[in-house]
Amino acid sequence: MTTSGRTTANENAPRTAHGVSWAEFHRGEPRFADAVEQRFGRHTHHVLATLRRDGSPRLTGLEVDFRAGEMWLGMMPNSRKAMDLRRDNRCAVYANPGEGADMDGGDVRVSGRAVEVTEPAELARWAAGIPEGDVPEKFHLFRVEVEEAVRVTVEDPDIVFRTWQPGRPLRTIRRGNDDAPPREDALPSEEAPLRADAPPRGDALPREDGAD
C-alpha cells in the first residue's frame with residue numbers, strides 16, 4: 001500500500017460528526033493538505049497511535065495510502081491496532097521524520113477517527129489503485145476522518161506550528177527560543193467564513209503540538 005495520486009472521492013460515504021474526508025480537507029486548504037500529503041509520501045512506513053482497552057496508548061508502524069480522495073490505513077487481519085480501532089476509533093498518524101534532526105519538510109501529524117471499510121463497493125474503490133497481485137486476501141481497511149492536521153517547521157529564529165481543523169481557517173503560531181509568548185499570524189481573511197455547524201472559535205492559542 002503506497003502513496004499515489006488523488007482521484008475523485010465518494011461523496012456518499014458516511015462521515016463522522018466532526019471529521020472530514022481527505023478530499024474535503026484538500027478543498028478547504030489545498031496547499032497545506034498537499035504539504036502534509038507530500039511529507040507522508042517521502043517514506044513508506046509511519047507511526048499510528050491507537051488506544052488499548054485500558055485507555056493507554058499503543059504505537060505501531062503502518063503504511064499510509066492517499067487515493068480516491070481519502071487517507072487509507074490498511075492492516076493485517078486481527079492485528080491489535082485494528083482491534084483497538086474497532087473498539088475506539090480515535091487515532092493519530094505521525095509521518096516518518098526520516099534520518100537526521102534537520103526536520104526537512106517539517107514534522108507532520110494527522111488525527112481523527114478511523115472508519116472501517118467493509119462495503120464491497122468501497123473496498124473495490126480502494127483496490128482499484130493497487131497493482132494486480134498486491135491486494136491481500138484478508139485485511140482490515142480504514143479511512144481517516146480528519147479532525148486535525150498539524151505541521152511543525154523550523155523557520156529561523158522561530159519554531160512554527162500550522163494547524164487546521166474542519167470549519168476553521170489555517171492557524172500559524174510562532175514561538176522563539178526564549179520566554180516571549182507565542183505569536184499568531186493574522187488570518188489571510190480576518191472574517192474567513194466558518195461552517196454553520198462548526199464549534200465557536202476561542203481566543204486561546206493551541207498547545208505546542210497544535211491541539212486546542
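As the structure is a computational prediction, the values presented were derived from the model and not from experiment.

**Some remarks on the pairing of strand β5 (residues 107-116)**
Part 1 of the argument: Burial analysis of β5 places 7 of its 10 residues in the buried class, the great majority of the element.
Part 2 of the argument: Judged from the 5 bridges that link them, strand β4 (residues 90-94) and β5 form a sheet pairing that is antiparallel. Its bridge partner being in β5, C91 is matched across the sheet by G112.
Part 3 of the argument: In terms of strand pairing, β5 meets strand β6 (residues 140-155) through 10 bridges, oriented antiparallel. Residue pairing across strands places S111 opposite E148, the latter belonging to β6.

**Concerning unusual backbone geometry**
Part 1 of the argument: For the bond running from D156 to P157, omega is 10°, close enough to zero to count as cis.
Part 2 of the argument: Within the secondary structure, P157 sits in the loop between β6 and β7 (158-164).
Part 3 of the argument: Of note in this structure, A68 is not a glycine but carries a positive phi near 55°.
Part 4 of the argument: Structurally, the position occupied by A68 is in the loop between β2 (57-67) and β3 (70-75).
Part 5 of the argument: Residue classification places A68 among the buried residues on the basis of a relative accessible area of 4%.
Part 6 of the argument: Backbone geometry at N78 places phi at a positive 60°, although glycine is not the residue there.
Part 7 of the argument: When you line up the elements, N78 lands in the loop between β3 and α3 (80-87).
Part 8 of the argument: Residue N78 is classed as exposed on the basis of its relative accessible area of 58%.

**Description of helix α2 (residues 30-41)**
Part 1 of the argument: For α2, with 12 residues, the first-to-last C-alpha span of 16 Å sits near the 16 Å given by 1.5 Å per residue.
Part 2 of the argument: Of all the positions in α2, only F32, A33, V36, E37, R39 and F40 are classed as buried. Angular distribution of buried residues about the axis of α2 spans 155°; they occupy a single face of the element. Facing away from the buried side of α2 by over 90 degrees, the exposed positions are R31 and Q38.

Cut-offs applied
- Residues numbered from 1 in each chain as written.
- Predicted model: local features only at pLDDT ≥ 70, side-chain atom pairs only at ≥ 80, totals over all residues.
- Heavy atoms only, no water.
- Buried < 20%, exposed > 50% of the residue type's maximum accessible area, 1.4 Å probe, protein only.
- Helix = DSSP H or I, 4+ residues; strand = E, 2+ residues; numbered from the N terminus.
- Pairing = 2+ DSSP bridges.
- Expected span 1.5 Å × (residues − 1).
- Arc of directions from axis to C-beta.

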